[in-house]
Amino acid sequence: MIKDKYDIRRGAKIAVKALSDSEKADKSALILSHVAQLEVVERAEVVALYASLPDEVQSFALIEQLSKTKRVVLPRVAGDEMDFYAYAPQSLKVGAFGIEEPQGAEVVAPEQIDVIIVPGVAFTEGGKRCGRGKGYYDKYLSREGFCAVKVGVCYKEQLVEDIPNEPHDIVMDYIIFG
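Presented here is a report on the structure given in the accompanying data block. (Residues numbered from 1 in each chain as written. Predicted model: local features only at pLDDT ≥ 70, side-chain atom pairs only at ≥ 80, totals over all residues. Heavy atoms only, no water.)

**Remarks on helix 2 (residues 21-37)**
When the terminal C-alpha atoms of helix 2 are compared, their 24 Å separation across 17 residues agrees well with the 24 Å that a helix rising 1.5 Å per residue should span. Along helix 2, the residues classified as buried are K24, K27, S28, I31, L32, V35 and A36. Packed against the buried residues of helix 2 are helix 1 (5-17), helix 3 (39-43), helix 4 (60-67), strand 7 (115-118), strand 10 (149-154) and strand 11 (174-177). (Helix = DSSP H or I, 4+ residues; strand = E, 2+ residues; numbered from the N terminus. Expected span 1.5 Å × (residues − 1). Buried < 20%, exposed > 50% of the residue type's maximum accessible area, 1.4 Å probe, protein only. Contact = heavy atoms within 4.5 Å.)

Written out as structure tokens, the structure reads:
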């Protein structure tokens, strides 16, 4: 029986909360090293990442690593929309939902992004994703011109057997977990 998204989110959040900070740090390092080694990431010129929350795969080490050789962009939320802006460590400010956001003025067009690393609350190994429920990523990944490779990242505790798929849900090309 497929659970509804509310139950999937609740179960995944409980599982992540049970992880210690050191377990999350170790798992994040492993996951992100696999992400960095993906051929699509190595070839990419522009990589979209996210500023992690405490219950997400910790992204800041990968942001720093990739920003040495690639253009890294991060999301910023305004109302019901999310756009990506160039990463500059000195420009990050806490914004929507307590997430650090870049403050640049120039929006990066969806077609400029080669790879996007996507957080989520739960994933299936086949690429289905359950986010926090606001639809920011699904809306962004559906934008005209968007054609980047989509890489979902999660702790293995966030993997579920199935997630009910709705027409607006976007499936990931890769799922990296650990």
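**Quick look at the pattern of salt bridges**
Throughout the structure, instances matching the rule amount to 12 salt bridges. Measuring nitrogen to oxygen at the nearest pair gives 3.9 Å for the salt bridge that ties K24 to D21. Of this pair, K24 and D21 both sit in helix 2, 3 residues apart, roughly one helical turn. For K24, a relative accessible area of 12% translates into the label buried. D83 serves as the salt-bridge partner of R143, at 2.5 Å between the closest nitrogen and oxygen. Taken as a pair, R143 in the loop between helix 5 (136-141) and strand 10 and D83 in strand 3 (residues 81-86) lie far apart in primary sequence, 60 residues in all. One network of salt bridges, with partners in common, ties together K5, E166 and D169. (Salt bridge = Lys/Arg side-chain N within 4 Å of Asp/Glu carboxyl O.)

**Comments concerning the packing of aromatic side chains**
Throughout the structure, instances matching the rule amount to 3 aromatic pairs. Centre to centre, the rings of F97 and Y136 are 5.9 Å apart; their planes meet at 65°, and the pair counts as edge-to-face. On the criterion of sequence distance, the pair formed by F97 in the loop between strand 4 (93-94) and strand 5 (100-101) and Y136 in helix 5 is long-range, its members being 39 residues apart. Judged by its relative accessible area of 15%, Y136 is buried. Pairwise contacts between aromatic rings join F84, Y140 and F146 into one cluster. K139 extends its terminal NZ or CZ atom over the ring of Y136, reaching a point 5.5 Å from the ring centre. (Phe/Tyr/Trp six-rings, centres within 6.5 Å; stacked < 30°, edge-to-face > 60°. Lys NZ or Arg CZ within 6 Å of the ring centre and 35° of its normal.)

**Thoughts on the sheet that holds strand 11**
In spatial order, the strands read 6-3-2-1-7-10-11; together these 7 strands make up an open sheet with mixed pairing. Each edge of the sheet is formed by a strand with only one pairing partner; in this case those strands are strand 6 (107-108) and strand 11. Bridging between strand 10 and strand 11 involves 4 bridges; their strand directions are parallel. If you follow V151 over to strand 11, its bridge partner there is Y174. (Pairing = 2+ DSSP bridges.)

**What to know about the environment of K128**
Counting through the fold element by element, K128 comes out in the loop between strand 8 (122-123) and strand 9 (129-130). The partly exposed category is assigned to K128, whose relative accessible area is 23%. K128 sits 125 residues away from K3 along the chain, and the two C-alpha atoms are 14 Å apart. If sequence neighbours within four positions are ignored, K128 has contacts with A122, F123, D162, I163, N165 and V171.

**Regarding the pairing of strand 2 (residues 71-78)**
Here strand 2 lies mainly inside the structure; 6 of its 8 residues are buried. Looking at chain direction, strand 1 (residues 46-48) and strand 2 are connected through 3 bridges and run parallel. Bridging across to strand 2, A48 finds its partner in V73. In this fold, strand 1 hands off to helix 4, which returns the chain to strand 2; that crossover is right-handed. As judged from the 6 bridges shared by strand 2 and strand 3, these two strands associate in the antiparallel manner. Bridge pairing in strand 3 links V77 to M82. Linkage of strand 2 to strand 3, two consecutive antiparallel strands, is achieved through a turn of 2 residues, within which G79 is found at a positive phi near 65°. (Right-handed = clockwise from strand over helix to strand, strands pointing away.)

In short, shape yes, function no, at least from these values alone.
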